[in-house]
Amino acid sequence: MAKQKMTAAELIALYLEKRGVKHVYGVPGAAILPFYDAVKELTKIESYIVRHEQTGAFMADGYSRATGEVGVCAATSGPGGTNFLTGLYGAWMDSIPMIAITGQQKNSLIGTMQFQEAPIVEMAKPVTKAAYRLTDGSKAAEFIHEAWVTATTGRKGPVLLDLPVDQQKVEIEVDLDVLIGSTPVDNLPQASDADIEKTLELLKDAKRPVLLSGGGVNIANATIELKALAEELQIPVVTSGMGMDTFPNDHPLFAGRMGTMLDTPFGNKTIVEADLVINLAGRFADRSTGNVSVFTQNGKKIIHVNLDNKEIGKVVPTILGIVSDVKTFMVKLAEAHKALGAHVAATAEVGTRVNLTEERKKWARKTDYTTLPIRQERALRELREFLDRDAFVSHDCGISQIWSSQLFETYVPRTYLLTGGAGTMGWGLGAAMAAKLAFPERQSVNILGDGSLGMSLQDIATAAKHDIPVIIFCMNNSLMGLIRQQQNWFYNERQISTDLIYKNELCDNEERGIDFVKTAEGMGVRGELVTHYDDIKPALQRAVDSGKPYLIEVIVDPDPKNACEFSNNGALNGFKYSEKIDYSK
């Protein structure tokens, strides 16, 4: 392709299309119209208008998590851009590659407090991998190319591009093929032979080793390599909060999940009793580790593999820190172990296979409750039994997410969507819609509580307008349930501003507060109220059969006696697991 004349805005739109971008999510405004016009006139990129700019950012983030590709959102200057900040923060915390594009006042007016002018670059820098302003439209080619490379190489992350409206209109000449062809190879660090040798030595000395899979395994597209390594070594796999879907939860080597909230009993038990933990592309974040003393007691040794050397030793002391692409590390380790012709770890002999299925089931939390109102555990059990193995489930922050992380099994990578670091309420609907747009043939469900639904409610209209057949599975206890539980436990039941119920005389049940079913119907989305666990699967079937967006409001038990389990001492060994076995045994 020879050089072609185009405006800076047209170049950016065409560049994104060349890179495989299929969607842009957001809300247009005057300062970003040159870009939106270019998307419409010159590309096949589909534009999805949302009802709040933050949902556009959440959709770009969710799209990237579900596909491994770059999600893109766009909005106008001023409040349009500032409404992106929460979404950028969530992507930044979890190293998610996305590009947010904002309009801006003319170059000459920046800094003079003109209409809808905001210092969005300066505001976004702390919560992005990079934030750039196009101060010279003639440099648009280098500008967009650098942004793309920054977002997608090394430790990935979100990038904000701020486009002054006058610079979007600057005419330039560029050869897009030459520009994209100049992309540098992503030379990621690789584990050395000495790293692999030392890892094998530590495995040979270990009696109870475990692989701890972090969110970086998904980001590196290394789930196949994780499975191969675990099967080669024949040692248990535990997942972190961000790694929940990196390993099939019904695999014989799956022990469970680790965390002070987002855990399974046997997962925590396996980590607590391990004498060697190999952290694969995780961060030892606080909701996974809690009090780190558990990782420094009884001679426990830690091998930490991470792309970013700043993460190694930051939280938990390590005996061996390996700065490496996790996929490369796992391939090298599996090959080196296979060459030995013997299992170096004490967990299995050659020719035998470890099977943790029965132990995992023995320690599993109870879900077969038959009491009413419906227990959250039973609601999630019904949902999991109904959904396909490859269904997407997105989450908002709150007690619904905690219940789900403790009970909901995952089997396919990139299907369990949540913001691990930011913990954003209102996030899950956007993520579920983006996942469904990316994979129309697969089921996509937003699991959330009524508190979170109040923060994304307006974008039910987005699902309706664009005919995105997601299922909104709202477990309604008329509470900010997670915070109410903490008030009860840690503040001597001094409750303030966590009760969402109020008398609604226009609702069939006057004490329910918001009637989410009627609200959804007012936006053109079908919905139904479920008060018995036997009615959950039939409601889900009707939702799927409709081929339309659908809301299922499940009334769940608000009784504080039925709270979800937290660690009572802030550490992995602080659970009582009162309905199961004595944890100390």
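Since this is a predicted model, take the numbers as computed values, not measurements.

Caption draft 1: Highlighting the overall build of the protein chain. Looking only at helices and strands, the protein chain features 24 helices and 20 strands. Taken along its principal axes, the extent of the C-alpha atoms in the protein chain is 70 × 70 × 45 Å. Within the protein chain, counting contacts between residues at least 6 apart in sequence, those at least 24 apart form 74% of the total. Working note: accessible area of the protein chain is about 23,100 Å², and carbon and sulfur atoms make up 51% of it. Taking the 61 positively charged and 72 negatively charged side chains of the protein chain as two groups, their mean positions are separated by 3 Å.

Caption draft 2: Summary view of the sheet that holds strand β7 (residues 158-164). Judged by pairing direction, the sheet is parallel, and its six strands sit side by side in the order β3-β2-β4-β5-β7-β6 without closing on themselves. Here the strands that pair on one side only, and so sit at the sheet edges, are β3 (46-49) and β6 (130-133). Taken over all neighbouring pairs, the strand axes of this sheet differ in orientation by 20 degrees on average, direction set aside. As judged from the seven bridges shared by strand β5 (residues 98-104) and β7, these two strands associate in the parallel manner. Of the residues in β7, the one forming a bridge with glycine 103 is leucine 163.

Caption draft 3: Broad picture of the nonpolar core. Ranked by size, the top nonpolar core spans 52 residues in total, and within it Leu211, Ile271, Leu280, Phe295 and Phe329 carry the most contacts. It is helix α15 (residues 326-340) that contributes the most residues to this core, five residues altogether. In this view, leucine 211 contacts Leu226, Leu229, Ala230, Leu233, Ile235, Pro236, Val237, Val238, Ile278 and Leu280; residues no more than four positions away in its chain are not counted.

Caption draft 4: Molecular detail of the packing of aromatic side chains. Summed over all chains, the structure comprises nine aromatic pairs. With centroids separated by 6.1 Å and ring planes inclined at 75 degrees, the aromatic side chains of phenylalanine 35 and tyrosine 36 adopt a geometry described as edge-to-face. Side by side, phenylalanine 35 and tyrosine 36 carry an identical accessibility label, which is buried. Consider the rings of tyrosine 132 and phenylalanine 143, whose centres lie 6.2 Å apart with planes at 70 degrees: the pair is edge-to-face. In this pair, tyrosine 132 is assigned in strand β6 and phenylalanine 143 in helix α7 (residues 140-152), connecting sequence segments eleven residues apart. Across this residue pair, the class does not change: tyrosine 132 and phenylalanine 143 are buried. Taken together through their ring pairs, the aromatic side chains of Tyr25, Tyr48 and Tyr63 make up a single cluster. Across the ring face of tyrosine 416, the terminal group of arginine 257 is positioned such that the distance to the ring centre comes to 5.5 Å. The ring of tyrosine 411 is capped by arginine 389, whose NZ or CZ atom sits 4.0 Å from the centre of that ring.

Caption draft 5: The layout of surface pockets, seen in detail. One number sums up the size of the largest pocket: a volume of about 770 Å³. If you go around the largest pocket, you meet 38 residues; those closest to its centre are Gly215, Gly216, Ile219, Ala281 and Arg283. Of all elements in the fold, only α11 (216-219), α14 (286-289) and β13 (301-306) reach the threshold of two or more residues within the lining of the largest pocket. Taken as a whole, the second largest pocket holds about 640 Å³ of empty space. Along the walls of the second largest pocket sit 27 residues, with Ala364, Arg365, Thr367, Leu407 and Glu409 positioned nearest its centre. Element by element, the count of residues in the lining of the second largest pocket is highest for helix α17 (residues 376-386), at five residues. Considering only residue class, the lining of the second largest pocket consists of nine nonpolar, six polar and twelve charged.

Caption draft 6: Molecular detail of a nonpolar patch on the surface. There is a patch of nonpolar side chains on the surface, built from Trp489, Phe490 and Tyr491 and spanning about 360 Å² of accessible area. Mapped onto the elements of the fold, phenylalanine 490 is located in helix α22 (residues 481-490).

Caption draft 7: Up close: the side chain of glutamate 225. Position of glutamate 225 among the secondary structure elements: in helix α12 (residues 223-233). There is no salt bridge for the buried glutamate 225, and the closest opposite charge comes from lysine 327, which lies 4.3 Å off by N-O distance. Here glutamate 225 is in contact with Lys327, Met330 and Val331, once residues within four sequence places are set aside.

The rules behind these values
- Residues numbered from 1 in each chain as written.
- Predicted model: local features only at pLDDT ≥ 70, side-chain atom pairs only at ≥ 80, totals over all residues.
- Heavy atoms only, no water.
- Helix = DSSP H or I, 4+ residues; strand = E, 2+ residues; numbered from the N terminus.
- Contact = heavy atoms within 4.5 Å.
- Areas by Shrake-Rupley, 256 points an atom, 1.4 Å probe, with all protein chains shown as cover.
- Lys, Arg positive; Asp, Glu negative; His and termini not counted.
- Charge placed at Lys NZ, Arg CZ, Asp CG, Glu CD.
- Pairing = 2+ DSSP bridges.
- Axes fitted to C-alpha atoms, helices over the stretch in contact; angles between N-to-C directions.
- Core = buried A, V, L, I, M, F, W, Y, C linked by side-chain atoms within 4.5 Å.
- Buried < 20%, exposed > 50% of the residue type's maximum accessible area, 1.4 Å probe, protein only.
- Phe/Tyr/Trp six-rings, centres within 6.5 Å; stacked < 30°, edge-to-face > 60°.
- Lys NZ or Arg CZ within 6 Å of the ring centre and 35° of its normal.
- 1 Å grid on protein atoms, 1.4 Å probe; cavity = no way out; pocket = protein on both sides within 12 Å on 5 of 7 lines; lining within 4 Å.
- Points joined across faces, edges and corners; volume = space filled by probe spheres on them.
- Nonpolar A, V, L, I, M, F, W, Y, C, P; charged D, E, K, R; others polar.
- Patch = residues over 30% accessible without salt bridge, like charges linked within 9 Å, V, L, I, M, F, W, Y side chains within 5 Å.
- Salt bridge = Lys/Arg side-chain N within 4 Å of Asp/Glu carboxyl O.

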